[in-house]
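So you can see what is in the structure, the chains are spelled out below.
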Amino acid sequence: MTWPTAHPAQPPLNPVATTIPDLFAVSPALPAVPATRARRRRDPFFDNAKFLAIVLVVMGHSIVNLRDVRFAHALYLFVYTFHMPVFIVITGYFSRNFTFSGGKARKLITNLGVPYVVFETAYSTYHWAVGHSAFQISLLDPYYLTWFLMALFLWRLSTPVWQQIRWPVLIALVISLLSGMSDLPSELEMHRVFGLVPFYVLGLVLKQEHFDLLKQTKARVLGALTLLVGFVFTYFVADRHMTTEWVYWRSPNSTMHVDNLTGTGMRLGLMIAATVLVAAFLSVVPARQTWFTNLGAATLYAYLLHGFLTKLLEYMGWWDVSFLHTIPGVLLTAATGAVVATLLCTPPVRKLMHWALEPDMSWAFVPLRRPKRA
């Protein structure tokens, strides 16, 4: 499916008018319109950003079992510091017009709720059948990749609340830091929902001009240097003194064996580092139409499907191959992950798995109700 792009001479796109409902938004076919009527246009910048980010996600999951190699551990830690915050910020940006109206509520159920139920069930069953574990399906305790769909669902529901608060980012940051002081239940991924919510709220308050600043040449050069320095710092400093559990945002300070003052400082530092790296990453994303732009509209497919392959290789003991535990082996594995991510975003995969990720749920909804006049 081909999406037209805005001509460089045109003014910046109105984000409200884009057709991307959230970070993993798939691109529904646009209805036929008269030739005299302009079609809504997607900004290729965001599709490019989503594609490159999902490549990092799959690459990270590909090398997770090779972290005995120092290079792999440093690369994993570096990527995990910002790759999910990138998605969350973009999600928040395209969630600014979310309300509890019937049409948007239905999209929330169809785009997030249904895929969550389908893949939570699928992954749990797969883990039982292939991984030889006890059979258990818990929709309140997400398994593996599905935690993100649960978190997105809850963040989207909270959108109208954040839009009424005077200092939403500051309050979200306080909530995130306080959540680390409590041993919250594992149900509903509460630690991740509260811990990562500042990135979602940050996306809600961003405007098109903020992203335009990142597209300037100076910003791109600075961004590339920031990413390079960030990886060097991770390799020589953070990799030696920091456990990767911090970048998962799923554990309280007590589990990390630090007091609340140290834990709060650590989380605040990670939040700042992630924000800087998100900006740096977005600054190097191409703003023009590229060969992978259209693939960026189908990142949900790559996200939810690649886990079956990585888990299968884990169950088969593939990661025990000695060659993989070398720098060339790590690079080869990461490159393979990038190829897998790309293939899973292609039209044939979307056509095959459309029923699970873009289901037609019109039969499950009642007609939209209009308020009656008094």
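Structure: above.
These lines cover the structure that appears in this document, whether it is placed above or below.

Cut-offs used in this document
Residues numbered from 1 in each chain as written. Predicted model: local features only at pLDDT ≥ 70, side-chain atom pairs only at ≥ 80, totals over all residues. Heavy atoms only, no water. Helix = DSSP H or I, 4+ residues; strand = E, 2+ residues; numbered from the N terminus. Contact = heavy atoms within 4.5 Å. Areas by Shrake-Rupley, 256 points an atom, 1.4 Å probe, with all protein chains shown as cover. 1 Å grid on protein atoms, 1.4 Å probe; cavity = no way out; pocket = protein on both sides within 12 Å on 5 of 7 lines; lining within 4 Å. Points joined across faces, edges and corners; volume = space filled by probe spheres on them. Buried < 20%, exposed > 50% of the residue type's maximum accessible area, 1.4 Å probe, protein only. Salt bridge = Lys/Arg side-chain N within 4 Å of Asp/Glu carboxyl O. Polar contact = N/O pair within 3.5 Å; in protein donor to acceptor, adjacent residues only side chain to side chain. Patch = residues over 30% accessible without salt bridge, like charges linked within 9 Å, V, L, I, M, F, W, Y side chains within 5 Å. Expected span 1.5 Å × (residues − 1).

**Focus: the overall build of the protein**
Line of reasoning, step 1. If you tally the helices and strands in the protein, you get 13 helices and 0 strands.
Line of reasoning, step 2. When the elements of the protein are put in sequence order from the N terminus, they spell out α-α-α-α-α-α-α-α-α-α-α-α-α.
Line of reasoning, step 3. Within the protein, contacts between residues at least 6 apart in sequence are counted, and of these 81% link residues at least 24 apart.
Line of reasoning, step 4. When the accessible surface of the protein is summed, it comes to about 18600 Å², and 67% of that surface belongs to carbon and sulfur atoms.

**Looking at the layout of surface pockets**
Leftover empty space is mapped by rolling, across the atoms, a probe with the size of a water molecule.
Line of reasoning, step 1. The computed volume of the second largest pocket comes to approximately 920 Å³.
Line of reasoning, step 2. Taken together, 39 residues form the lining of the second largest pocket, with Y143, Y144, W147, R192 and R250 sitting closest to its centre.
Line of reasoning, step 3. Listing elements by their share of the lining of the second largest pocket, those giving two or more residues are α2 (70-93), α3 (102-129), α6 (190-195) and α11 (299-315).
Line of reasoning, step 4. It is α2 that contributes the most residues to the lining of the second largest pocket, 5 residues altogether.

**A short note on helix α7 (residues 197-205)**
Line of reasoning, step 1. Most of α7 is tucked away, with 7 of its 9 residues classed as buried.
Line of reasoning, step 2. Taken residue by residue, α7 has V197, P198, F199, Y200, V201, G203 and L204 as its buried positions.

**Notes on the pattern of salt bridges**
Line of reasoning, step 1. In the structure shown here, the tally under the stated rule is 8 salt bridges.
Line of reasoning, step 2. Residue K215 is joined to D43 by a salt bridge in which the shortest nitrogen-to-oxygen separation is 3.6 Å. Linking K215 in the loop between α8 (208-214) and α9 (217-241) with D43 in the segment before α1 (44-62), this pair joins segments that are 172 residues apart in sequence.
Line of reasoning, step 3. Taking the relative accessible area as the measure of exposure, K215 reaches 21% and is therefore partly exposed.
Line of reasoning, step 4. E245 is paired through a salt bridge with R250; the nearest N and O atoms lie 2.7 Å apart.
Line of reasoning, step 5. According to the relative accessible area criterion, R250 is partly exposed, its value standing at 41%.
Line of reasoning, step 6. Three or more residues are tied together by salt bridges with common partners; here these are R42, D47 and K50.

**Quick look at the side chain of H306**
Line of reasoning, step 1. Structurally, the position occupied by H306 is in helix α11.
Line of reasoning, step 2. Within the structure, the side chain of H306 is placed 2.7 Å from the side chain of H61, a separation counted as a polar contact.
Line of reasoning, step 3. For H306, the side chain forms a polar contact with the main-chain oxygen of A302, separated by 2.8 Å.
Line of reasoning, step 4. When neighbours within four sequence positions are excluded, H306 is seen to be in contact with V57, V58, H61, Y123, L145, Y301 and L344.

**Here's the deal with a nonpolar patch on the surface**
Line of reasoning, step 1. Residues V221, L225, L228, V232, F233, F236 and V237 make up a contiguous nonpolar surface patch of roughly 650 Å² in combined accessible area.
Line of reasoning, step 2. Within the fold, L225 resides in helix α9.

**Considerations on unusual backbone geometry**
Line of reasoning, step 1. We note that E189 has phi near 50°; this positive angle belongs to a residue other than glycine.
Line of reasoning, step 2. Along the chain, E189 falls in the loop between α5 (168-179) and α6.
Line of reasoning, step 3. The phi angle at W249 is positive, at roughly 55°, despite the residue not being glycine.
Line of reasoning, step 4. Structurally, W249 can be placed in the loop between α9 and α10 (260-283).

**Examining α10**
Residue pairs three or four apart in sequence face the same way in an α-helix, which turns once every 3.6 residues.
Line of reasoning, step 1. A rise of 1.5 Å per residue sets the reference length of α10, with its 24 residues, at 34 Å; its end C-alpha atoms lie 34 Å apart and thus fit the reference within 8%.
Line of reasoning, step 2. When α10 is considered as a whole, its buried residues turn out to be G263, T264, R267, L270, M271, A274, L277, V278, A280, F281, L282 and S283.
Line of reasoning, step 3. Here α10 starts with a cap whose side-chain oxygen sits 3.0 Å from the backbone nitrogen of L261, and that cap is D259.

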